[in-house]
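Residue-level listing of the chains:
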Amino acid sequence: MAILIPLVFLFSYFFIRKIWFQLRKIRTVGTIERIELGYIRPNLILPEVKVFYKYYFQSGLYFGSGYLNLSDFLTNQEFHVHMGPGENPILYTEDLEIITEEHIEHYLLSKGGSVFLYLDPIEPYHSRIDSVNLNSITVPSDLL
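Procedures and definitions
- Residues numbered from 1 in each chain as written.
- Predicted model: local features only at pLDDT ≥ 70, side-chain atom pairs only at ≥ 80, totals over all residues.
- Heavy atoms only, no water.
- Helix = DSSP H or I, 4+ residues; strand = E, 2+ residues; numbered from the N terminus.
- Rg over C-alpha atoms; globule rule 2.2 N^0.38 Å.
- Contact = heavy atoms within 4.5 Å.
- Areas by Shrake-Rupley, 256 points an atom, 1.4 Å probe, with all protein chains shown as cover.
- Lys, Arg positive; Asp, Glu negative; His and termini not counted.
- Charge placed at Lys NZ, Arg CZ, Asp CG, Glu CD.
- Core = buried A, V, L, I, M, F, W, Y, C linked by side-chain atoms within 4.5 Å.
- Buried < 20%, exposed > 50% of the residue type's maximum accessible area, 1.4 Å probe, protein only.
- Arc of directions from axis to C-beta.
- Pairing = 2+ DSSP bridges.
- Axes fitted to C-alpha atoms, helices over the stretch in contact; angles between N-to-C directions.

K.L.:
What is the right way to look at the overall build of the protein chain in this model?
P.N.:
Scanning the protein chain from terminus to terminus reveals 3 helices and 8 strands. Over its C-alpha trace the protein chain gives a radius of gyration of 21 Å, far above what one expects of a compact globule, namely 15 Å for 144 residues. In terms of overall dimensions, the protein chain has C-alpha extents of about 70 × 55 × 25 Å along its principal axes. Taking contacts inside the protein chain between residues at least 6 apart in sequence as the whole, the part at least 24 apart equals 45%. For the protein chain, the accessible area works out to roughly 10,100 Å², and carbon and sulfur atoms hold 59% of it. Counting 11 positive and 16 negative side-chain charges, the protein chain places the averaged centre of each group 13 Å from the other.

Below you can see the structure in the form of structure tokens.
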């Protein structure tokens, strides 16, 4: 019994701490800087991509990276990725055939150019990707 009471206090502390850390997270938007395909050499392409992003919080600019699935960018679309001749990746989607990693990156950025992030306000350099923002972000213009 003497060991049980400190263990209950210890587990309750960690449980409350976990809930408190999750509640203080802030959801914000970050812009995607670069997307890299994942490879297992010699000829396998992973269904995950590494996303490099930047975001502004308070008075600073922060950079981060994380992993997302290709299906997060290509929702409601069937796609197929494989290595072509010369070890160039080829993405087949709908009626398109996209060759080379740069063209695939450009196509994925046209689908979603930003991500939703969860960040800790006390340590803003600790961020985690939640999902891709598939809506375009525009700035209205007063040129008319």
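K.L.:
Looking at this structure, how should I read the nonpolar core?
P.N.:
One broad rule of soluble globular proteins: the nonpolar side chains tend to lie buried together. Of all hydrophobic cores here, the largest spans 25 residues; its most connected members are V49, V51, F73 and L108. Elements with a minimum of two residues in this core: β1 (26-40), β2 (44-57), α2 (70-73), β4 (79-83), α3 (101-111), β7 (114-119) and β8 (127-133). Per-element accounting of this core gives the leading share, 6 residues, to β2. Those residues in contact with V51 that sit more than four places away from it in its chain are I32, R34, G64, S65, G66, L68, F73 and I129.

K.L.:
Please clarify how α3 should be interpreted in this entry.
P.N.:
Within α3 the residues assigned to the buried category are I104, E105, Y107 and L108. End-on view of α3: buried residues confined to an arc of 165 degrees, all on one side of the axis. Every exposed residue of α3 that faces more than 90 degrees away from the buried side is listed here: E102, H103, H106 and S110.

K.L.:
Help me out: how do you make sense of the sheet that holds strand β5 (residues 89-93) in this one?
P.N.:
Hydrogen bonds between backbone groups are what pair the strands of a sheet, and the pairing can be parallel or antiparallel. The 3 strands are arranged β4-β5-β6 in an open sheet whose pairing can be described as antiparallel. Taken across any chain shown, the strands that pair with only one partner, and hence form the sheet edges, are β4 and β6 (96-99). Mean inter-strand twist for the sheet, computed between neighbouring axes without regard to direction, equals 15 degrees. By the bridge criterion, 4 bridges tie β5 to β6 in an arrangement that is antiparallel. Directly across from T93, in β6, lies its bridge partner L96. Its contacts with the sheet put α3 on β5 and β6, and the angle it makes with β5 is roughly 35 degrees.

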